[in-house]
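Analysis of the macromolecular model
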Amino acid sequence: MYLAIDVHYKTNYAKSVGLIFLSKADEVAHEVFVDIINEVASYQPGQFYKRELPCLLKTISKVDLNTIEAILVDGHVYIDNDGNYGLGGYLYEALGNKTPIIGVAKRAFHANKETVKEVYRGTSQNPLHVSAIGMNLERAAQFIQEMHGNHRHPTLLKILDGITKTK
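Rules behind the numbers
Residues numbered from 1 in each chain as written. Predicted model: local features only at pLDDT ≥ 70, side-chain atom pairs only at ≥ 80, totals over all residues. Heavy atoms only, no water. Helix = DSSP H or I, 4+ residues; strand = E, 2+ residues; numbered from the N terminus. Rg over C-alpha atoms; globule rule 2.2 N^0.38 Å. Buried < 20%, exposed > 50% of the residue type's maximum accessible area, 1.4 Å probe, protein only. Salt bridge = Lys/Arg side-chain N within 4 Å of Asp/Glu carboxyl O. Phe/Tyr/Trp six-rings, centres within 6.5 Å; stacked < 30°, edge-to-face > 60°.

Another aspect to go through is the overall build of the protein chain. Looking only at helices and strands, the protein chain has four helices and seven strands in total. Order of helices (α) and strands (β) in the protein chain, N terminus to C terminus: β-β-β-α-β-α-β-β-β-α-α. Its C-alpha atoms give the protein chain a radius of gyration of 15 Å, within 12% of the compact-globule value 15 Å for 167 residues. For the protein chain, the spread of C-alpha atoms along the three principal axes comes to 40 × 35 × 30 Å. Counting all 167 residues of the protein chain, 46% fall into the buried class.

The subject of this paragraph is the pattern of salt bridges. Close approach of charged atoms lets side chains of opposite charge pair. For the structure shown, the criterion picks out five salt bridges. Salt-bridge contacts for D74 lead to K106; the nearest nitrogen and oxygen are separated by 3.2 Å. Of this pair, D74 sits in strand β4 (residues 70–74) while K106 sits in the loop between β5 (101–105) and β6 (117–119), and the two are 32 residues apart along the sequence. By relative accessible area, D74 is classed as partly exposed at 27%. The residue K117 makes a salt bridge to E138 at a minimum N-O spacing of 3.7 Å.

This part is about the packing of aromatic side chains. Scanning the model with the defined rule gives five aromatic pairs in all. Consider the rings of F21 and F143, whose centres lie 6.4 Å apart with planes at 40°: the pair is tilted. With F21 in strand β2 (residues 14–21) and F143 in helix α3 (residues 137–146), the pair connects residues that are 122 residues apart, well separated along the chain. What makes F143 buried here is its relative accessible area of 8%. By way of ring pairs, the aromatic residues Y2, F21 and F143 are connected into one cluster.

This is the structure we're talking about:
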């Protein structure tokens, strides 16, 4: 099983959503978890993970991580080529360095070109920027490449994004 997670910030709260799916071929989530977080840390430039990580961990706490092969997160594992963590790296550390994390970002960072793999899906000319910790980067990129869907974003990640943004 796999877990894809994301957070969206509303005016006075955050909505954290997790989707459990069984294989990369799935087009429908096996299970969905939704958390509303009323006390969200303020945004700090360069330290976005401090705001997002507690929200993700609340949602992840509902899942038996022993059953999860990898967690997909909207963001980067590394922010540079020196191995400094982005959200995915901090999540990996917070989970005891046991559960592999695949970062799937829509935008590139100029300083982490060596720690990401560009994945082109469908007919899109814009890549997804895939990174990984706890697993091989090539394997992570192939997983995202082979997920269900004919567009830039895999079907389940598009569904996840839609759920986080609804009221």
